[in-house]
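Structural overview for review
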Amino acid sequence: MGEPLSISYNQDGACFAVARRDGRARGFSVYNTSPYRETFGRKFRDGGVGIVEMLFRCNILALVGGGDEPKFSPNKVMIWDDHQGRCIGELGFKVPVRGVRLRRDKVVVALAHKIFVYNFSDLKMEQQIDTAANERGLCAISPTTERTVMACPGLNRGQVRVELFDLGTTKFIAAHETALACLGLSADGSLLATASEKGTLIRIFDTHTASLVHEFRRGSDRARVYSLAFSPKKNLLGVTSDKGTVHVFRIPETPSASSSAPTASPIPTPSSNGARTPSSSSPAAGFVKKLLPKYFSSEWSLAQFKLPSTARSLVTFPAADPDSCIVISERGEYSRLIFDLGGGGKMSLVERFDFADRAAVDDDARDDDDDRL
């Protein structure tokens, strides 16, 4: 069943929420990201929570039951008002919910083979999308009012479907040759980051043109990428994986040379006779690129850090600290890291807290049925 905790950031990374499936401290807690502090929470003695999704900093959350004794059905998304201490709406399905995403006007629910989009004000369904197998509930939606963009798996392996709601159009991106493992959108929805199950390459696409603009190398060994997060200014990308590592990549303002070259296309397009499609580069340059492994041509990370465990972890960038990032894990570890924007290299740990232990302290102090922490 994995770790007893499930974690998520709110839409701007200023807070994170923790869902607790099992044990005596079942329920959820919400923490401020920077500075670190617990802000509120709820303990349920009659069942566990498997998924919690915040709506910015407000009192409305989406909850999905989890654990050996779920508080709510794992097939339902419950809209919870913490001021009232009760559910004010629900969405039911025939199969377990894999993921939930919120913005002020939409609720997005990911199932194993479908994505549902609802209007938040009345919970009426707006769209239903078929996807490839999506057990991890991959889905991302831009939170700002600038534009509404959603990214989810397409029907084909390694394909991303991008919904541009403001334009009423859909784009399909052949991002990888193997199945998708992680997706991430910039706050304004203009950039999409992707990783496949192989986990060695991270690709960034322009959502409106569906074109590849950057390609980064996380490493040479296969890894499961846990999270992809853009900084508020879109100049940095944070990556965490099951290697227990955190990588920060610098995003150039213009498309990088390696990713704009024909050889960096996710799926090369052959001509009708099976030969490569002609390009504008010289024959000599093409010959060199053919010999040069992509291992050397891809861009490497600016800064790196090794976490104490390989548990699922998520990264975000505090808006007020351009040279730092926050990493939380399902082991209950909070880490604040700083890095040198100019020179890069190994990041430094400046703060670490354990919010898993905090749950046990809270549990010992309360015995009521449903308690506000």
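Look a little higher up for the structure.
Heads up: these notes are all about the structure in this document. (Residues numbered from 1 in each chain as written. Predicted model: local features only at pLDDT ≥ 70, side-chain atom pairs only at ≥ 80, totals over all residues. Heavy atoms only, no water.)

As for unusual backbone geometry
For the peptide bond that leads from S34 to P35, omega is 0°, which places it in the cis range. Positive phi, close to 60°, is recorded for A210, a residue that is not glycine. Examined against the element boundaries, A210 turns out to sit in the loop between β19 (201-206) and β20 (211-217). Backbone geometry at K234 places phi at a positive 65°, although glycine is not the residue there. (Helix = DSSP H or I, 4+ residues; strand = E, 2+ residues; numbered from the N terminus.)

A word on the sheet that holds strand β22 (residues 236-241)
Reading across the sheet, the five strands line up as β21-β22-β23-β25-β29 and stay open at both edges, with mixed pairing between neighbours. Looking at the sheet topology across the chains shown, the edges are occupied by β21 (225-230) and β29 (345-346). Two elements, strand β23 (residues 245-250) and strand β25 (residues 303-306), share four bridges in a ladder whose sense is antiparallel. Looking at the pairing, T245 lines up with K306 of β25. (Pairing = 2+ DSSP bridges.)

Describing the environment of A19
The residue A19 is located in strand β2 (residues 15-20) in this model. For the pair A19 and E330, spaced 311 residues apart in sequence, the C-alpha to C-alpha distance is 9.6 Å. Apart from the residues within four sequence positions on either side, A19 is in contact with P4, L5, S6, G27, F28, V49, G50, I51 and V52. (Contact = heavy atoms within 4.5 Å.)

Looking at the sheet that holds strand β9 (residues 99-103)
In spatial order, the strands read β9-β10-β11-β12; together these four strands make up an open sheet with antiparallel pairing. Each end of this open sheet is capped by a strand with a single partner; those strands are β9 and β12 (125-130). Neighbour-to-neighbour, the strand axes of the sheet open up by a mean angle of 15°, direction not taken into account. Looking at chain direction, strand β10 (residues 106-110) and strand β11 (residues 114-119) are connected through five bridges and run antiparallel. In the strand pairing of β11, K106 is matched with N119. (Axes fitted to C-alpha atoms, helices over the stretch in contact; angles between N-to-C directions.)

Re the nonpolar core
Counting 19 residues, the largest nonpolar core has V77, F93, V97, V100, V107 and V109 as the members making the most contacts within it. Those elements that place two or more of their residues in this core are β6 (60-66), β7 (76-81), β9, β10 and β11. (Core = buried A, V, L, I, M, F, W, Y, C linked by side-chain atoms within 4.5 Å. Buried < 20%, exposed > 50% of the residue type's maximum accessible area, 1.4 Å probe, protein only.)

Observations regarding the pattern of salt bridges
In the structure shown here, the tally under the stated rule is 14 salt bridges. A salt bridge links E69 to R26, with the shortest nitrogen-to-oxygen separation between them at 3.1 Å. Here R26 lies in the loop between β2 and β3 (27-32) and E69 lies in the loop between β6 and β7, a separation of 43 residues in the sequence. For E351, the salt bridge identified is with R336, shortest N-O distance 2.9 Å. Of this pair, E351 sits in strand β30 (residues 348-354) while R336 sits in strand β28 (residues 333-338), and the two are 15 residues apart along the sequence. Look at the salt bridges and you will find they share partners, linking R147, D188 and K234 into a network. (Salt bridge = Lys/Arg side-chain N within 4 Å of Asp/Glu carboxyl O.)

Read these as spatial facts, not as claims about activity.
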